[in-house]
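# Working through the structure, step by step
Listed here are the chains, written in short residue letters.
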Amino acid sequence: MLVYEFKLKGKHQQLNLIDEAIRTALFVRNSCIRYWMDNQKLGKYDLSAYCKELAANFEWAGKLNSMARQASADTAWVAISRFYSNCKKKVSGKTCTEPVLSIAEGRSRSKGFPNFKKRGHSVEYKTTGWKLSADRKYLTLTDGFGIGKLKLVGTYDLHFYQITDIKRVRLVKRADGYYAQFCIAVDREIKLTPSKKVIALDVGLNHFYADSNRDKIENPRFFKKSERGLKRLQKRVSKKFRKGKSQSNNYKKAKNKLARKHLKVSRQRKDFVVKLAKCVIQSNDVVVYEDLQVQNMVKNHKLAKSISDASWYQFRCWLEYFGKVYSKITIAVPPHWTSQNCSSCGKTVVKTLSTRTHECCHCGTVLDRDENAALNILAKGLSTVGHTGTNAWGENDLCLDLATSSGKLTQ
């Protein structure tokens, strides 16, 4: 699945209509959650059928394309199905045998209970409700809102693909404007000459990663470099906020400047990891890395900001994506004891986070802490190739990741 993104250019009235379509999609999604809470044991198709009732009961909801309403119902079902899977796991030391508890029990005892969203940032059309011009430079929305014809600004060429290959068109609102994302059902495969190289990566905070070849990549720390400017913009927003009253235009302008600054930082971070992941995959045939649980690691409040700024998970996602595109092997290994064990003799040498040099008292090996960990990761990866439990040829749906990140960027 490919995702091509273009910026939309249109009149102010058309952009307001896009906002209305986004709010309607959010209403459908929240209504489906409410319908599921009131009537348990509903399925995905029951929510899709409920969209027809919403269109009949609310005239403005009927303006939204039928497939766009179904896409909003699918979004609600994703949250519900995640809640179901969490209920099957261990909760409070006990294993849930029921597919779902009661709504009250699930809300209090299980993580991931579906919640209502206050703000919407995108509306998604499937195969109807839109059409492209002959030169593929204009997008026309044909549902009841009457948005009309919008210009596509971007460098991608849609002439290489058939209209039937475009499975979804997503309109996304960000701090710097509106965008159209085209989800194209195409398998991207690029053949390269084998490099006959194997590499292991140990990500960190002092350096972005240290590899088994004793090379290091510096950590760019985009958020830390922009933190001073972000604090200044945040103060301006706070000073202009009026509690219990309608907000002024100056407040909205200050809030937009702050959102644009956050958007720039996130784009810098993404650009860095995409280029670096592509370079690593193109230069090696086998790439080994740690299977880090970043969601648990950020619970450490002392390191959470630095870990989030390093974007380890996003780097791993792009490694697995490019590994599939270029037919390279990517392997995720357990991170246990990779920093503590000696890469030469295998003995355990206990170190704190502040100890940056590995000095083995058993064999006398002296290495940088991260280089020693990279060698241990490489040994683990090579020992598990061809066996179960590895994450070779990692499957990753970046289309869904992109939709999620698009919503977060506008907050």
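Keep in mind that this is a model prediction, so the values were computed, not measured.

To continue, consider the overall build of the chain. For the chain, the helix and strand inventory stands at 12 helices and 16 strands. Residues counted as buried form 45% of the 411 residues belonging to the chain. When contacts within the chain are restricted to residue pairs at least 6 apart in sequence, those whose partners lie at least 24 apart make up 69%. In the form shown here, the chain has an accessible surface area of approximately 23,200 Å², with 51% of it arising from carbon and sulfur atoms.

Each strand in a sheet pairs with another by means of backbone hydrogen bonds, the pair being arranged parallel or else antiparallel. The sheet built from five strands is open, its strands ordered β12-β11-β10-β13-β14 with mixed pairing. Of all strands in the sheet, those with a lone pairing partner are β12 (216–218) and β14 (329–333), marking the two edges. Direction aside, the axes of adjacent strands within the sheet are offset by 20° on average. With respect to the sheet, helix α7 (residues 249–283) is in contact with β10 (198–203), β11 (207–211), β12, β13 (286–290) and β14, its orientation differing from that of β11 by roughly 5°. Packing of helix α11 (residues 369–384) onto the sheet brings it into contact with β10, β11, β12, β13 and β14, and relative to β10 it is tilted by some 130°.

Glancing now at a positive patch on the surface. On the surface, a cluster of positive charge is made up of Arg228, Lys231, Arg232, Lys235, Arg236, Lys239, Lys240, Lys253 and Lys257. Looking at the positive patch, the elements that each hand over two or more residues are α6 (222–240) and α7. Take the positive patch: its biggest share by element is seven residues, from α6. Position of arginine 228 relative to the elements: it lies in helix α6. Arginine 228 sits in the exposed class, given a relative accessible area of 72%.

Here we come to the environment of cysteine 183. Within the secondary structure, cysteine 183 is located in strand β9 (residues 177–184). For the pair formed by cysteine 183 and valine 3, sequence separation is 180 residues and the distance between their alpha carbons is 4.7 Å.

Once that is clear, we can look at the pattern of salt bridges. Within this structure, the stated rule accounts for 16 salt bridges. With a closest N to O distance of 2.7 Å, arginine 170 and glutamate 124 form a salt bridge. Here glutamate 124 lies in strand β4 (residues 122–125) and arginine 170 lies in strand β8 (residues 166–174), a separation of 46 residues in the sequence. Here the two residues arginine 170 and glutamate 124 agree in accessibility, since each one is buried. Among the salt bridges present, the one from glutamate 227 reaches lysine 305, with a minimum N-O distance of 2.6 Å. Within this pair, whereas glutamate 227 is found in helix α6, its partner lysine 305 is found in helix α9 (residues 304–310), the two being separated by 78 residues in sequence. We classify glutamate 227 as buried; its relative accessible area is 17%. Overlapping salt bridges, with partners in common, bring together Glu124, Arg168 and Arg170 in one network.

This part is about helix α4 (residues 66–87). Helix length check: α4, at 22 residues, gives a terminal C-alpha distance of 32 Å against a target of 32 Å (1.5 Å per residue), a fit within 8%. The N-capping residue of α4, defined by a side-chain oxygen 2.9 Å from the backbone nitrogen of methionine 67, is asparagine 65.

Mapped onto the fold, aspartate 211 is located in strand β11. This buried residue, aspartate 211, is left without a salt bridge; arginine 214 holds the nearest opposite charge, at 8.3 Å. One polar contact links the side chain of aspartate 211 to the main-chain amide nitrogen of asparagine 213, over a distance of 3.0 Å. Of note is the side chain of aspartate 211, whose polar atom sits 3.1 Å from the backbone nitrogen of arginine 214.

Here we have seven strands laid out as an open sheet, ordered β4-β8-β9-β1-β7-β6-β5, and antiparallel in their pairing. Lying at the two open borders of the sheet, with one neighbouring strand each, are β4 and β5 (130–132). Across the sheet, the mean angle from the axis of one strand to that of its neighbour is 30°, orientation sign disregarded. Relative to β9, β8 is paired through eight bridges, and the arrangement is antiparallel. Bridging from a neighbouring strand, isoleucine 166 pairs with isoleucine 184 of β9. Here helix α1 (residues 12–38) sits on the sheet and contacts β1 (2–9), β4, β7 (148–153), β8 and β9; the angle it forms with β4, its principal contact strand, is near 85°. The strands touched by α4 are β4 and β8; relative to β4, the strand with the most contacts, the crossing angle is about 120°.

Before going further, it helps to spend a moment on the nonpolar core. Core analysis: the largest hydrophobic core is formed by 57 residues, its most contacted members being Ile18, Tyr125, Leu139, Leu171, Phe182 and Phe315. No other element matches helix α10 (residues 312–325), which puts seven residues into this core. Excluding residues within four positions of it along the chain, isoleucine 18 makes contact with Leu8, Ile147, Leu150, Leu171 and Tyr178. Core analysis: the second largest hydrophobic core is formed by 18 residues, Ile33, Leu54, Ile80 and Tyr84 among them.

This paragraph deals with the state of the cysteines. Within this structure, the stated rule accounts for zero disulfides. Free cysteine: cysteine 361, not disulfide-bonded; nearest cysteine sulfur from cysteine 360 at 5.6 Å.

One non-glycine residue, lysine 196, lies in the positive phi region at around 60°. Among the secondary structure elements, lysine 196 is positioned in the loop between β9 and β10. Positive phi, normally seen in glycine, also occurs at serine 327, with a value near 55°. Relative to the helices and strands, serine 327 resides in the loop between α10 and β14.

Calculation notes
The residue count restarts for each chain, going from 1 along the sequence in the order it is written. Side-chain atom pairs in this predicted model are given and counted only at pLDDT of 80 or more, local residue features only at pLDDT of at least 70, and totals for whole chains, interfaces and linings cover all residues. With hydrogens and water set aside, each side-chain value is computed from the structure's full complement of heavy atoms. Each helix corresponds to a stretch of at least 4 residues labelled H or I by DSSP, and each strand to a stretch of at least 2 residues labelled E; elements are numbered beginning at the N terminus. Exposure classes here rest on a 1.4 Å probe applied to the protein chains alone. A residue is buried below 20% of its type maximum, exposed above 50%, and partly exposed in between. Whether two residues are in contact is decided by their heavy atoms: any pair within 4.5 Å suffices. Each accessible area is a Shrake-Rupley estimate made with a 1.4 Å probe; only the visible protein chains count as cover when residues are assessed. Two strands qualify as a pair provided that DSSP identifies no fewer than 2 bridges between them. Axis lines are fitted through C-alpha atoms, for helices just across the contact stretch, and the angle between N-to-C directions can take any value from 0 to 180 degrees. Exposure above 30% relative accessible area and the lack of any salt bridge qualify a residue for a patch; like charges then connect within 9 Å, and the nonpolar side chains Val, Leu, Ile, Met, Phe, Trp and Tyr within 5 Å. Each reported salt bridge corresponds to a side-chain nitrogen of Lys or Arg within 4 Å of a carboxyl oxygen of Asp or Glu. Under the convention used here, Asp and Glu are negative, Lys and Arg are positive, and both His and the chain ends fall outside the count. Charge positions come from single atoms, namely NZ of Lys, CZ of Arg, CG of Asp or CD of Glu. Under the convention used throughout, the expected extent of a helix is 1.5 Å for every residue step, that is, one less than its residue count. Contacts described as polar in this section are N or O atom pairs within 3.5 Å, which, within protein, must combine one atom able to donate a hydrogen with one able to accept it, while residues neighboring in sequence count only if both atoms come from side chains. Residues belong to a common nonpolar core when they are buried Ala, Val, Leu, Ile, Met, Phe, Trp, Tyr or Cys residues joined through side-chain atoms within 4.5 Å. In this description, the term disulfide denotes a pair of cysteine sulfurs within 2.5 Å.

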